Amino acid sequence: MKIVQTINELKKAVHIEKKNGKTIGLVPTMGFLHEGHLTLAEQARKENDMVIMSIFVNPLQFGPNEDFERYPRDPERDAKLAESAGVDLLFMPAVKEMYPEEPAVTLTVHKRTNALCGLSREGHFDGVATVVMKLFHMAEANRAYFGKKDAQQLAVIHGLVDSLNVPVKIVGVETVRETDGLAKSSRNVYLLPEERKKAPAIYKALQSIKTAVEAGNTNTETLKQQARLRLENETGANVEYVEILSYPELEPIKEAHGTVIAAAAVKYKHARLIDNIILTVKGRV
Ligand code: AMP
């Protein structure tokens, strides 16, 4: 596996592959890799000739009071894990490499952001869209892999590619979980032991929505109220939101029908965790 830090080195390696007609799969990450990231890389490995993973903690997508400085980082461990997942090229640029000066142009996302994390993380998805677009160009990716764990991000990226006719196929990958159901996340290391014990209740509350919907209880207000109570009682965290929306549009719905997302965000002392499930509800149209 090759490790490069500059855009020039990345482009050189990409040009050689492209000249030979090879396909490129890109896996954008912020590092501190876990099985979720590795699953993305493994899927990219199966579907492309060359796999590029980027590790970049993107300052543009962090708000002033968020955890940019203390976001966990471990480049050496990451490099070993990336190699084990079949990554060919690991791109680990410094902030100055990606943004040598204040960018003259950045992207603004107009849809799918007025809900869920978009409400509390102002500008977050603009930062994501901007960095992802830069990476698509640098890596000349044929396919790019994103986790359904960040379902709003995935919806925004589909919107980006559709709106700007970006020639990249977006591949959404199922959420990888711990055995107790907690979604794997780089931020889980910040959970206190007591918090970690209770955190699987997030997924359980989301699953209880699924069970209720399958039993025919599709009124979203009732479902949300019940799930909120459960989250408040069982997670030991502050509940930022629990929502049921259409997916991928992320619009409010009174009844859960068609493809819907049930999503929650909770705040522990040092970590804000998100999780979701996407359901296809058949029945009344
Ligand atoms: P991050 O490093 O948190 O920005 O995540 C990089 C990519 O990995 C994003 O596309 C995430 O959605 C994806 N990802 C993070 N956690 C998981 C997980 N538990 N399962 C599947 N994909 C994940």
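Described in the following lines is the structure provided in the data block. (Residues numbered from 1 in each chain as written. Predicted model: local features only at pLDDT ≥ 70, side-chain atom pairs only at ≥ 80, totals over all residues. Heavy atoms only, no water.)

### Side note on the overall build of the chain
(1) Moving on: Regarding its fold elements, the chain presents 10 helices and nine strands.
(2) Moving on: Taken over C-alpha atoms, the radius of gyration comes to 19 Å for the chain, in line with the 19 Å a tight globule of 285 residues would show.
(3) Moving on: The principal-axis extent of the C-alpha atoms belonging to the chain is close to 55 × 45 × 35 Å.
(4) Moving on: For the chain, the residues scored as buried account for 52% of the 285 residues in total.
(5) Moving on: Long-range pairs, those at least 24 residues apart, make up 73% of the contacts in the chain between residues at least 6 apart in sequence. (Helix = DSSP H or I, 4+ residues; strand = E, 2+ residues; numbered from the N terminus. Rg over C-alpha atoms; globule rule 2.2 N^0.38 Å. Buried < 20%, exposed > 50% of the residue type's maximum accessible area, 1.4 Å probe, protein only. Contact = heavy atoms within 4.5 Å.)

### As for helix α1 (residues 7–19)
(1) Moving on: Taking 1.5 Å per residue as the helical rise, α1 with its 13 residues ought to reach 18 Å, and the 18 Å between its terminal C-alpha atoms agrees with that figure.
(2) Moving on: In this fold, the buried residues of α1 make contact with β1 (2–4), β2 (24–29), β3 (50–55), β4 (89–91), α4 (95–98) and α6 (124–139).
(3) Moving on: Directly after α1, the chain includes Gly21, whose backbone phi takes a positive value near 75°. (Expected span 1.5 Å × (residues − 1).)

### Details of the nonpolar core
(1) Moving on: Counting 49 residues, the largest nonpolar core has Ile52, Phe91, Phe136 and Ile170 as the members making the most contacts within it.
(2) Moving on: When residues in this core are grouped by element, the largest group, 10 residues, is from α6.
(3) Moving on: In this structure, this core is formed jointly by two domains, domain 1 (2–173) and domain 2 (186–276), each of which donates at least three residues.
(4) Moving on: Not counting residues up to four positions away in its chain, the partners in contact with Phe136 are Leu26, Ala141, Ala144, Phe146, Ile157, Leu160, Val161, Val166, Val168 and Ile170.
(5) Moving on: Core analysis: the next-biggest nonpolar cluster, separate from the first, contains 28 residues, Leu223, Val242, Ile244 and Tyr268 among them. (Core = buried A, V, L, I, M, F, W, Y, C linked by side-chain atoms within 4.5 Å. Domains from an automatic or database assignment.)

### Focus on the site of the ligand
(1) Moving on: Neighbouring residues of the ligand: 17 residues in total, closest Met30, His37, Asp150, Val176 and Lys184.
(2) Moving on: Within the backbone of Val176, an N or O atom sits 2.8 Å from a nitrogen atom of the ligand.
(3) Moving on: Across the shell around the ligand, the residue classes break down as six nonpolar, seven polar and four charged. (Near = heavy atom within 4 Å. Polar contact = N/O pair within 3.5 Å; in protein donor to acceptor, adjacent residues only side chain to side chain. Nonpolar A, V, L, I, M, F, W, Y, C, P; charged D, E, K, R; others polar.)

### Considering the pattern of salt bridges
Where side chains of opposite charge bring their charged atoms close, a pairing between them can arise.
(1) Moving on: Enumeration over the complete set of coordinates arrives at 16 salt bridges.
(2) Moving on: A salt bridge links Glu234 to Arg230; the shortest N-O distance between them is 3.3 Å. With Glu234 and Arg230 both in helix α10 (residues 220–234) and four residues apart, this pair spans about one turn of that helix.
(3) Moving on: Look at Arg230 and you get partly exposed, because its relative accessible area is 29%.
(4) Moving on: The partner of Lys267 in a salt bridge is Glu240, with the nearest N and O atoms 3.8 Å apart. One end of the pair, Lys267, is in strand β8 (residues 258–267); the other, Glu240, is in strand β7 (residues 238–246), and 27 residues separate them in sequence.
(5) Moving on: Note on Lys267: relative accessible area 42%, which makes it partly exposed.
(6) Moving on: What makes Glu240 partly exposed here is its relative accessible area of 23%.
(7) Moving on: Taken together, the shared-partner salt bridges connect Glu35, Glu178 and Lys184 into one network. (Salt bridge = Lys/Arg side-chain N within 4 Å of Asp/Glu carboxyl O.)

### So, the environment of Glu35
(1) Moving on: With respect to the element layout, Glu35 can be found in helix α2 (residues 35–47).
(2) Moving on: Each C-alpha atom, one on Glu35 and one on Val57, is 18 Å from the other, the two residues being 22 residues apart in sequence.
(3) Moving on: Look past the residues within four positions of Glu35 in its chain and what remains in contact with it is Val176 and Lys184.
(4) Moving on: In terms of polar contacts, Glu35 uses its side chain to reach the side chain of Lys184, at 3.2 Å.

Worth remembering: the numbers are spatial, not functional.
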